Amino acid sequence: MAKLRIAAVADLHCGKHSRGALQPMLSEISQQADVLLLCGDLTDYGLAEEAEELVADLRAAVCVPMLGVLGNHDFESGEAKLVRQVVETAGVTMLDGEAVEIGGVGFAGVCGFGGGFGRRMLNAWGEPLIKHFVQEAIDQALRLEQALGKLRTDRRVGVLHYSPIRTTVVGEDPEIFPFLGSSRLEEPINRFRLDAVFHGHAHNGAAEGATSTGIPVYNVSLPVLRRSGAWGRIIEL
């Protein structure tokens, strides 16, 4: 079975004047990988014009298939649908409960949501706003589960923005852990026995960890990568 080199990066936070800034990084990643994953926060304020800046760099630098999910910043200005459409013009397959296969490896992705981890995970109790918050986390996990259920490949990869485990957000202030991810995302990951999961969002978190069943989880937020001197995380499956 042929190996697939998977590169991933998150939290690019492209602004209105970012054109050209990411080209060296994207070009190097493209030369080393067979597929590139963009794990959310592609824009800074969720504006279509910011997405256009990213698209220009992607078109100029990347020559491998690209998959992506939106992050919380991409929703900031109410243009998330338009941001997605703009990014797709660069050939990026955006995932929000969808699944695709590339080179014998299946990829399933959602943005994810917060809610916390383990015994401290927020539950749907009390005020309606709390229940709505928890329901969004549940809905995101269900969309991930449905996407994974569509895959028929032996090798499977999860693409997220929010973390499914606590380990990779350690390094952030503990007070914000509940807003960095949710254990509800971990359950389908474990059940479908993924080979790897990538996420961003936790700029000060740890570079890697594992689910309770040992599935590798990689935090590919650009600030995390830069601390180790890398421009992207690359693994081979």
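Residues numbered from 1 in each chain as written. Predicted model: local features only at pLDDT ≥ 70, side-chain atom pairs only at ≥ 80, totals over all residues. Heavy atoms only, no water.

### Describing the pattern of salt bridges
Next up, step 1: Applying the stated criterion across every chain, the model contains 8 salt bridges.
Next up, step 2: With a shortest N-O distance of 3.1 Å, arginine 84 and glutamate 88 are connected by a salt bridge. Of the two residues, arginine 84 and glutamate 88 are both situated in helix H3 (residues 80-88); the distance of 4 residues between them amounts to about one turn of the helix.
Next up, step 3: What makes arginine 84 partly exposed here is its relative accessible area of 22%.
Next up, step 4: Among the salt bridges present, the one from aspartate 96 reaches arginine 143, with a minimum N-O distance of 3.3 Å. Note that aspartate 96 is positioned in the loop between strand S4 (92-94) and strand S5 (98-102) and arginine 143 in helix H4 (residues 128-150), a separation of 47 residues in sequence.
Next up, step 5: Residue class for aspartate 96 comes out partly exposed when judged on its relative accessible area of 33%.
Next up, step 6: Here the salt bridges do not stand alone but share partners, grouping Arg84, Glu88 and Glu98 into one network. (Salt bridge = Lys/Arg side-chain N within 4 Å of Asp/Glu carboxyl O. Helix = DSSP H or I, 4+ residues; strand = E, 2+ residues; numbered from the N terminus. Buried < 20%, exposed > 50% of the residue type's maximum accessible area, 1.4 Å probe, protein only.)

### Let's talk about the sheet that holds strand S9 (residues 208-210)
Next up, step 1: Pairing is mixed in the open sheet, where 6 strands are placed in the order S5-S6-S7-S8-S10-S9. Each having just a single partner strand, S5 and S9 make up the two edges of the open sheet. Neighbour to neighbour, the strand axes of the sheet diverge by 20 degrees on average, direction disregarded. (Pairing = 2+ DSSP bridges. Axes fitted to C-alpha atoms, helices over the stretch in contact; angles between N-to-C directions.)

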